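Read off the chains here:
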Amino acid sequence: MLNFKQFFRSSVGRKLIMSMTGLFLCLFLIVHLGGNLTLFAGDEGYTFNIYAHFMTHFPPVEIAAYTLYISILVHAFYALTLTLKNRKARPVKYAVAPRTPVRWASLNMGLLGSIIFLFLVIHMSNFWGRYKFTEGTYREYRKELLTGKLTSSVYVPASPDFEYAVTTEGNTEIVRVKDLYVIVTHSFSLLWYVLLYLAAMVAVSYHLYHGFQSAFRTAGLVHQRYTPIIQSTGIWLFAVIIPLAFASMPVVFYIKSLL
């Protein structure tokens, strides 16, 4: 037991914890992106609002979500301790400036992580916090089951305890749900928030450009056959495709708000 504790207090142990929590956060990004892409469904938030309710009320998902929050805090804590330890061990900066993106990213993981953490605090308080802990507004969707025609309107619950309801009237399905979509559209109509979001996605891109590959190396998962695949995945999926996909959301909604 003593050796186990000593291991996770060592630099190697801390890096292993960071790599495991980091890979878990990478997995979350894929799931989160898939859900957020429903913003582009063109159905006035019908699919997105149902997705948001499911993600915040289905017990297994809630457990995974709180595990995610703990992972973020653990990842940030160990990143901070390792950064401070490295700076103490090397108080003088490198004489030669880094000339490649991966080299720059590896030397500035603390800065990139700080930007991302600050963004997460603002982002979660603006979306998750307002959705979970404020009354907010509700939306009623009426979908004709035979034709698929969808109409929506503002819904005012009769009870303050109301959360979600699905009923049918003849061939019409009626969904009444809390409206996170309106919060998103409003936030993405604010230029300062869009710029903050884009800056955070640049930080995410550089952070994962180095971090995804580094996590596998730290875990000892290095092989001449699989390492190139891991590197390509880290570059194209996590450093390019995912950040660009996330960045497209505030840009598209901001442009729509100007029209």
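Residues numbered from 1 in each chain as written. Predicted model: local features only at pLDDT ≥ 70, side-chain atom pairs only at ≥ 80, totals over all residues. Heavy atoms only, no water.

1. Observations regarding the layout of surface pockets
There is about 390 Å³ of room inside the second largest pocket. Lining the second largest pocket are 19 residues, and of these Glu 135, Tyr 138, Pro 160, Phe 162 and Lys 178 lie nearest its centre. Breaking the lining of the second largest pocket down by element, the ones donating at least two residues are helix 3 (46–57), helix 6 (109–133) and strand 2 (150–155). In terms of residue count, helix 6 provides more of the lining of the second largest pocket than any other element does, 3 residues in total. In the lining of the second largest pocket, the residues fall into 9 nonpolar, 6 polar and 4 charged. (1 Å grid on protein atoms, 1.4 Å probe; cavity = no way out; pocket = protein on both sides within 12 Å on 5 of 7 lines; lining within 4 Å. Points joined across faces, edges and corners; volume = space filled by probe spheres on them. Helix = DSSP H or I, 4+ residues; strand = E, 2+ residues; numbered from the N terminus. Nonpolar A, V, L, I, M, F, W, Y, C, P; charged D, E, K, R; others polar.)

2. Things to note about the packing of helix 3 against helix 6
Interaxial distance between helix 3 and helix 6 falls to 12 Å at its minimum, and their mutual angle equals 75°. When the interaxial angle is binned, helix 3 and helix 6 end up roughly perpendicular. For the pair helix 3 and helix 6, the contacting residues are Asn 49, Ala 52, His 53 and Thr 56 in the first and Trp 128, Tyr 131 and Lys 132 in the second. Its residues assigned to classes, the contact of helix 3 with helix 6 shows 3 nonpolar, 3 polar and 1 charged. (Axes fitted to C-alpha atoms, helices over the stretch in contact; angles between N-to-C directions. Parallel < 35°, antiparallel > 145°, perpendicular 65-115°, else oblique. Contact = heavy atoms within 4.5 Å.)

3. Brief notes about the pattern of salt bridges
For the coordinates displayed, the defined rule picks out 4 salt bridges. Here Glu 62 ties to Lys 132 by a salt bridge, and the two come within 3.6 Å at their closest N and O atoms. Remark: Lys 132 occurs in helix 6 and Glu 62 occurs in helix 4 (residues 59–89); sequence separation between them is 70 residues. With a relative accessible area of 27%, Lys 132 lands in the partly exposed category. A network of salt bridges, in which partner residues are shared, links Glu 140, Arg 142, Glu 169 and Arg 176. (Salt bridge = Lys/Arg side-chain N within 4 Å of Asp/Glu carboxyl O. Buried < 20%, exposed > 50% of the residue type's maximum accessible area, 1.4 Å probe, protein only.)

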